[in-house]
Structures are given as C-alpha cells and as structure tokens.
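Next come the chains, spelled out residue by residue.
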Amino acid sequence: MPIVSAVIPTFGRPDLVKRAIESVLSQSLRDLEVIVVVDGPDPATETALDSFTDPRLRRIVQPDQRGPGVARNTGALAATGQWVAFLDDDDEWLPTKLEKQLAMLPQDGSVDPERTALVTLSRVMTPQGPFIRPIQGYAGDISLDEWMFDRRSWLKGGQSFLQTSSFMFPRPMFDRLQFADSRLHEDWELMIRAVKEQGCTLLTAPEPLVVHYVGEARPSLSRDGAWERSLAWADRMGSLLTRRAYAGFCLSVVAQDVAAKRQWHAFLPLLRAAFKKGKPTARQLFAFILLWILPDDLRRRIRAKVQGER
C-alpha cells in the first residue's frame, strides 16, 4: 500500500500529461503510485503513456468521455494509497510537494488525520506573468465559502483560488465525498462539502508547490461552462453557501469571466441574482463595477501593483 496515490485525468493532451506524470514520478516522496485516467478513446495519449516504464504508473481508459469529476473518481476508487492527491494534466508539481504536504500534519493529536484535507499555494503561470494564489491559506476563522468568494479588500483579490492540483485527501474521507458529475466547479464543491458537511480540517502549505498554467489556447475537460451554468451551480449548493458568499460568487467570480469577454447581457442578471439570493457588500459591488469599466489587462496590472506582484 503506497502512502499516496496521484490521480491524473486526461484527454487529447499527450505532451502535457507526460509533463504532469514526470512531475509526480520525480517527487522526493518515492512511496507512491500514479493512476492516469484517459477520459475516452485516445490513441495518441495511450502511445505517450507507453513511453513510461516506471512500475508505479497505471492507466485506466474509459470507454467514453464523462468529464473530469467522473474521471477523478474512477482513478481515486482504483487507488490503493492511504492518501489520494489530484493533478490536472496541464499542471505540474514541484519535487517536494507531497513530502511537504504530509509534513503539515501535526504530531500532537490536535487534528484527526482521517478528517484533514491538505492543499498548497499555487504558482499561476499566465501570459502576463506568474503570480501566487491564494494570497493566504484558509485559517478556519470564517466560513470557507465566504473565504473563497467574499471580497474583504477594495482592490486585492485572490481568495477564491482553491485548485484541484493541490488537493490531497485521506482515502476514507474521499470515498465519502467524491467529485460531483457537474463538469463545473466540482473542485470547489468538493472542498466546501468536506469542510462544512464533514467537519474536515483544511491545512494549507504556506508556499507554492503546484505550477498551474492558465490562459493558453488549448482544450480543457472542465472549461466549457457558461455563466448561466455557474449560477445554476450556486443555486444547487443551497445552504452550503451563505448569502454573502453567494453574492460574492456572482459579483466577483462569475462576473470576472463575463466582464473580461464583455458579455453585457449578463450584467443585470448577475446583479439581480446577487440581490435576490445573496447579500452584497459595498466591496463586492465596487469590484463588480470595476470589472466592467476597466479593460481586463489594465485591471490586472493595477491589482498586481497593489499586491506587489509581477
């Protein structure tokens, strides 16, 4: 039984998944296995996987495409490790990622390892330059959904970044949760349910141990969602989102994407939803207006300057 099972869902990106696999096999923690779940028939990816001879690598080929949540569940349920860690096929881990995550577990019994989820900060690579997210790890002093989606600063963002490639769960806990078959926000939903339904402790490594690539023109297993589907997801979450978190999700998270694309038809529906089902704050409304009136590139430069980023 390995200590960690790494699960990588993939489809149609043979070169990228090779990079992801290599970052797992080069971990300083050697007692692990890698399970690659090919989400549907994909001869090019299977050929790429043939180039690996490391016996720690296993593959599962699904008969048809079912989305990233199902692919991750398939890999995790086939895993034999004590912990299950997830890596998207277009991301990579730094060599000490798993070792440093496990080292976060207190030895004094102050937390139950079987009810503890581990995440890290991420180095986000964009065409405009890299930055670190989240700005700070979750301290447990407020509701997790509000920590993710609320706006507690006038100009600084970056709270809502909990990304799948940093997630690690005890296997028994993951078996109770599993990813939703939604193809949208299933990573956020999993973590919110873990903390708010299962009473899970969330520990964050205080350094970036994941390299997360965004902004590149390539297909994704999970980036096909429109803003209407995001609102429907928030509605389905029900009481797991406070009214403040719901408003922040509408006015900051969803609005960020549609405003960057200048999809003006979404402006009023997002604002109405935030007031009808949420409780907007002045900071959330301020951020919402800035998203629409400032060009995306200018807004990013201002935020980077305020936060001292490149």
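These numbers come from a predicted model, not from an experiment.

A. Structural context of the nonpolar core. Counting 56 residues, the largest nonpolar core has L144, F149, L162 and F169 as the members making the most contacts within it. When near neighbours in sequence (up to four residues on either side) are disregarded, L144 contacts Y138, L162, M191, I192, V195 and L202.

B. Summary view of the pattern of salt bridges. Under the counting rule described, the total for this entry stands at 15 salt bridges. Measuring nitrogen to oxygen at the nearest pair gives 2.5 Å for the salt bridge that ties R13 to D89. One end of the pair, R13, is in the loop between β1 (4-10) and α1 (14-25); the other, D89, is in the loop between β4 (83-86) and β5 (92-93), and 76 residues separate them in sequence. A relative accessible area of 8% places R13 in the buried class. Classification of D89 as buried rests on a relative accessible area of 1%. Note that R13 is salt-bridged to D90, the shortest N-O span being 3.8 Å. Of the two residues, R13 is situated in the loop between β1 and α1 and D90 in the loop between β4 and β5; the sequence distance between them amounts to 77 residues. One salt-bridge network, in which partners are shared between bridges, spans R13, D89 and D90.

C. The packing of aromatic side chains, seen in detail. Going through the model one piece at a time under the given rule, you end up with 16 aromatic pairs. Ring plane angle 90° and centroid distance 6.5 Å describe the contact between F149 and W233, whose orientation is recorded as edge-to-face. Within this pair, whereas F149 is found in helix α5 (residues 144-149), its partner W233 is found in helix α8 (residues 227-237), the two being separated by 84 residues in sequence. The two residues F149 and W233 agree in class, both being buried. The interplanar angle of 75° and the centroid separation of 5.4 Å between the aromatic rings of F267 and W292 together place this pair among those described as edge-to-face. Here F267 is found in helix α10 (residues 267-277), whereas its partner W292 is found in helix α11 (residues 282-293), with 25 residues between them in sequence. Aromatic rings pair up to connect F86, F167, F169, F174 and F179 into one cluster. The ring of Y213 is capped by R19, whose NZ or CZ atom sits 4.1 Å from the centre of that ring. If you follow R72 out to its NZ or CZ, it ends over the ring of F179, 5.1 Å from the centre.

D. Layout of the pairing of strand β6 (residues 116-126). Where burial is concerned, most of β6 is hidden: nine out of the eleven residues are buried. With antiparallel pairing between neighbouring strands as the criterion, β6 and strand β7 (residues 129-133) make up a hairpin whose turn holds two residues.

E. Examining the side chain of E189 more closely. Mapped onto the secondary structure, E189 falls in helix α7 (residues 186-196). Salt bridges are absent for the buried E189, whose nearest opposite-charge side chain, R193, sits at 4.7 Å. Excluding residues that lie within four positions of it along the chain, E189 makes contacts with A180, W233 and M237.

F. How the structure looks around α10. Looking at α10, one finds that the buried residues are F267, L270, A273 and A274. Angular distribution of buried residues about the axis of α10 spans 145°; they occupy a single face of the element. Of the exposed residues in α10, those oriented more than 90 degrees away from the buried face are R272 and K276. Taken together, the buried residues of α10 touch α8, α9 (243-260) and α11.

G. The side chain of Q198, seen in detail. Assignment of secondary structure puts Q198 in the loop between α7 and β9 (201-213). With near-sequence residues (within four places) excluded, Q198 lies in contact with R115, R176, L177 and R193.

H. Layout of the packing of α8 against α10. Look at α8 against α10: their axes get within 12 Å of each other, and the N-to-C directions meet at 5°. Relative to α10, α8 is oriented roughly parallel. Two secondary-structure elements touch here, α8 through W227, L231 and D235 and α10 through P269, L270, A273 and K277. Partitioned by chemical class, the residues of the contact of α8 with α10 number five nonpolar, no polar and two charged.

I. Layout of the environment of I8. As for its position among the elements, I8 is in strand β1. It is 5.1 Å that separates the C-alpha atoms of I8 and L87, two residues lying 79 residues apart in sequence.

Thresholds, definitions, all that
Residue indices begin from 1 for each chain and proceed along its sequence in written order. Per-residue local features are limited, in this predicted model, to residues with pLDDT of at least 70; the limit for side-chain atom pairs, both in listing and counting, is 80 or more; totals at the level of whole chains, interfaces and linings are taken over all residues. The basis for every side-chain value is the complete set of non-hydrogen atoms in the structure, without hydrogens or water. To qualify as a nonpolar core, a set must consist of buried Ala, Val, Leu, Ile, Met, Phe, Trp, Tyr and Cys residues joined through side-chain atoms within 4.5 Å. Three exposure classes are used, based on accessible area relative to the maximum for each residue type with a 1.4 Å probe and protein chains only: buried under 20%, partly exposed in between, and exposed over 50%. Note on contacts: a residue pair is in contact if any heavy atoms of the two residues lie within 4.5 Å. By definition here, a salt bridge exists when the distance from a side-chain nitrogen of Lys or Arg to a carboxyl oxygen of Asp or Glu is within 4 Å. Numbered from the N terminus, helices here are DSSP runs of H or I no shorter than four residues, and strands are runs of E no shorter than two. In this scheme Phe, Tyr and Trp rings, the latter by its six-membered ring, pair at centre separations within 6.5 Å, and the angle between planes marks the pair as stacked below 30 degrees, edge-to-face above 60, and tilted otherwise. Charge-over-ring contacts are defined here by two conditions on Lys NZ or Arg CZ: a distance within 6 Å of the ring centre and an angle within 35 degrees of the ring normal. We call two strands paired when DSSP finds no fewer than two bridges between them. Under this rule, positive means Lys or Arg and negative means Asp or Glu; His and the chain ends count for nothing. This arc is built from the directions going out from the helix axis to the C-beta atoms. Between N-to-C directions, angles cover 0 to 180 degrees, with each direction set by a line fitted to C-alpha atoms, over the stretch in contact for helices. Angle categories are assigned with fixed cut-offs, so that under 35 degrees is roughly parallel, over 145 is roughly antiparallel, 65 to 115 is roughly perpendicular, and the rest are oblique. Asp, Glu, Lys and Arg are counted as charged, while Ala, Val, Leu, Ile, Met, Phe, Trp, Tyr, Cys and Pro are counted as nonpolar; the rest, among them Gly, fall into the polar class.

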